[in-house]
Structure formats: C-alpha cells, structure tokens
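Residue strings, one per chain:
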Amino acid sequence: MLTRKQYQLLMYVHECLKENGVPPSFDEMKEALDLKSKSGIHRLITGLEERGFIRRLPHRARALEILRMPENSPQTERPNVGRFAPRLVSDNSGPLVGTAVPDSGQTVSLPLYGRIAAGTPIEALREENDNVDVPPSLLGGGENYALEVDGDSMIDAGIYDGDTVIIERCDTAENGAIVVALVDDAEVTLKRIRQKGNSIALEPANKSYETRIFGPDRVAVQGRLIGLMRQY
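Just so it is clear, the structure is predicted and the values come from calculations on it, not from any experiment.

A. Representation of the overall build of the protein. In terms of helices and strands, the protein carries three helices and 13 strands. For the protein, the residues scored as buried account for 45% of the 232 residues in total. Summarising the internal contacts of the protein: among those between residues at least 6 apart in sequence, 62% fall at separations of at least 24.

Here's what the structure looks like:
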C-alpha cells in the first residue's frame, strides 16, 4: 500500500509520460506535490522503487519507468496537490520499517513534551507542552508520549528532522533498541543503545556523528521508540 504522497507522485509521473512521453524533472515533481526540497522527491521515488511500482533507468537523465499501477486506482487521476499527508511508520524493534496505517478516524491524544535532539543532546524535557493525536495502531501496551525530532543523526534509521516519534515509557531496553536516553540527569537524546560490559554506547544512525560511550550510572532509559509520524 502506498502513502498518499507516493500515490500522488506515481499518478503525476504516469500523466506526464502519457501526455509528453517523458517523465517530469525533479523540480517539476517538487512543484506539483508542493514540497519544499528535492530530498522529499528522492525519498518518494525510493519508496516507489522499493515497492516495485517504478524503476530508475541507469545512465539517462529524467529516466523513470512505471512498472505497475496501484490496483483499483484510476490511472488518469491527477495528484491532489498541496494536501496534508501524514506518513505513519511503526516498528517495535530495530530499524524503522515503512507501513501504511489505515485511517479509521479514531485517534488517541498523547502528551507532546517538546523537541528531542537526534544530533547533539539538549536539556531534558520535563514539562508537557502540547498534545498530539495518534492512531491507536502506533501505540504500545504501556504509557506512551510523543516528542518532536530535532536533528539528523538518525536519518539512516528513517528518522528525520521534524518527525514526531511515539515513545513507550520504560526504564530498560534490549540491545539495539532506539531509546530516549537521559544523560547525567541533564540532557536527553534519541539514539540506539547497546550495553558493552560495564559501558553503555549511544549510537547515531548517521556516519557524520560519533558513538558516545558512558558508564552505566550516567545513562537512564526514559522510553523506547515504537513509531513515528511524518508530514511531507
């Protein structure tokens, strides 16, 4: 199943190929879908390619080939430009895996505590500032809360600046889990955690950042990542 933006892009590429015989440029796709940068188009194309809807042809500019169209979808429908399209992602362990979550119209209101650094740690977030409505399918069985991501150190795990992450409150986590970690009772960050002997490693998912190593008494787990929401 495709996200709404993926569907809109696929319909737009199909229409351009049908009318002009060539796929649109990245600038044209960005303008048609009302995105702020080409990076969003790159992510959408990658998602369509991974799901087997399109193929990028090597050594050719603007070379996209449509392999198949969504079932039960009108192939001539124009993209609904400028619509809000949340991307809902949920995974209970390890790297994030994109999934399409049906919109049942039912949501649960979670406290949104503020922005959490996915780069350099910031001061611990202690005050509830706002609320966010979340589909029940993204929630864990315990107490949940939400944080907004600030930074790019987890992009290789599919977590981008501005994403809203859904956290299940806990004080322990398995090796390799992505957690909210409180460091020295003063700063909080979103990282992958690994226990190595008497040391705790907080690992980024971006080669531009270094893994930080702490003693066991310096890091406290505040929760584990169970899902995220994204607005393109």
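B. Expanded view of the side chain of Gln6. Assignment of secondary structure puts Gln6 in helix α1 (residues 4-20). Overall, the relative accessible area of 3% leaves Gln6 in the buried class. Beyond its immediate stretch of four places on either side in the chain, Gln6 contacts Leu44, Gly47, Leu48 and Arg51.

C. The arrangement of helix α3 (residues 38-50) in detail. Helix length check: α3, at 13 residues, gives a terminal C-alpha distance of 18 Å against a target of 18 Å (1.5 Å per residue), a fit within 8%. Of all the residues in α3, the buried ones are Gly40, Ile41, Leu44, Ile45, Gly47 and Leu48. Axial view of α3: buried residues confined to an arc of 160°, hence all on one face. Check the buried side of α3 and you find it contacts α1, α2 (26-32), β1 (54-56) and β2 (64-66). At the exit of α3 stands Gly52, carrying a positive phi of roughly 80°.

D. Spotlight on the packing of aromatic side chains. For the structure shown, the criterion picks out zero aromatic pairs. The residue whose ring lies beneath Arg43 is Tyr160, and the NZ or CZ to ring-centre distance is 4.4 Å. Its end group placed over the ring of Phe53, Arg68 keeps NZ or CZ at 3.9 Å from the ring centre.

E. Main features of the pattern of salt bridges. For the structure on display, the rule yields eight salt bridges. Put simply, Glu174 and Arg224 hold a salt bridge, and the shortest N to O gap is 3.0 Å. Placement of Glu174 in the loop between β8 (164-168) and β9 (178-183) and of Arg224 in strand β13 (residues 219-231) is noted, with a sequence separation of 50 residues between them. Judged by its relative accessible area of 13%, Arg224 is buried.

F. Examining the nonpolar core more closely. Core analysis: the largest hydrophobic core is formed by 20 residues, its most contacted members being Leu9, Leu10, Met29, Ile41, Ile45, Leu48 and Ile54. If you tally residues by element for this core, the top one is α1, at seven residues. Sequence-distant contacts of Met29, defined by excluding residues within four places in its chain, comprise Leu9, Tyr12, Val13, Pro24, Ile41, Ile45 and Leu64. Counting 18 residues, the second largest nonpolar core, distinct from the first, contains Tyr145, Ile167, Val188 and Leu225.

G. Quick look at the packing of α1 against α3. Running from N to C, α1 and α3 cross one another at 85°; their axes reach a closest spacing of 10 Å. Between α1 and α3, the crossing angle belongs to the class labelled roughly perpendicular. Here Lys5, Gln6, Leu9 and Leu10 of α1 come into contact with α3, specifically with Ile41, Leu44, Ile45, Gly47 and Leu48. Its residues assigned to classes, the contact of α1 with α3 comprises six nonpolar, two polar and one charged.

H. Structural view of the side chain of Lys191. Topologically, Lys191 is positioned in strand β10 (residues 187-196). Summary of buried charges: Lys191 has no salt-bridge partner, and the nearest side chain of opposite charge, Asp152, is 8.4 Å away. A distance of 3.0 Å separates a polar atom in the side chain of Lys191 from a polar atom in the side chain of Thr189.

I. Layout of the environment of Gly162. Inspection of the secondary structure puts Gly162 in the loop between β7 (144-150) and β8. Note on Gly162: relative accessible area 37%, which makes it partly exposed. Along the chain, Gly162 and Gly151 lie eleven residues apart, while their C-alpha atoms are 8.0 Å from each other. Ignoring any residue separated from it by four or fewer positions in sequence, one finds Gly162 in contact with Glu148 and Val149.

J. Looking closely at the pairing of β7. Across the seven residues of β7, five count as buried, placing the element largely inside the fold. Pairing analysis gives five bridges linking β7 to β8, with the strands arranged antiparallel. The partner of Asn144 across the bridge, within β8, is Glu168.

Conventions and cut-offs
- Residues numbered from 1 in each chain as written.
- Predicted model: local features only at pLDDT ≥ 70, side-chain atom pairs only at ≥ 80, totals over all residues.
- Heavy atoms only, no water.
- Helix = DSSP H or I, 4+ residues; strand = E, 2+ residues; numbered from the N terminus.
- Buried < 20%, exposed > 50% of the residue type's maximum accessible area, 1.4 Å probe, protein only.
- Contact = heavy atoms within 4.5 Å.
- Expected span 1.5 Å × (residues − 1).
- Arc of directions from axis to C-beta.
- Phe/Tyr/Trp six-rings, centres within 6.5 Å; stacked < 30°, edge-to-face > 60°.
- Lys NZ or Arg CZ within 6 Å of the ring centre and 35° of its normal.
- Salt bridge = Lys/Arg side-chain N within 4 Å of Asp/Glu carboxyl O.
- Core = buried A, V, L, I, M, F, W, Y, C linked by side-chain atoms within 4.5 Å.
- Axes fitted to C-alpha atoms, helices over the stretch in contact; angles between N-to-C directions.
- Parallel < 35°, antiparallel > 145°, perpendicular 65-115°, else oblique.
- Nonpolar A, V, L, I, M, F, W, Y, C, P; charged D, E, K, R; others polar.
- Lys, Arg positive; Asp, Glu negative; His and termini not counted.
- Polar contact = N/O pair within 3.5 Å; in protein donor to acceptor, adjacent residues only side chain to side chain.
- Pairing = 2+ DSSP bridges.

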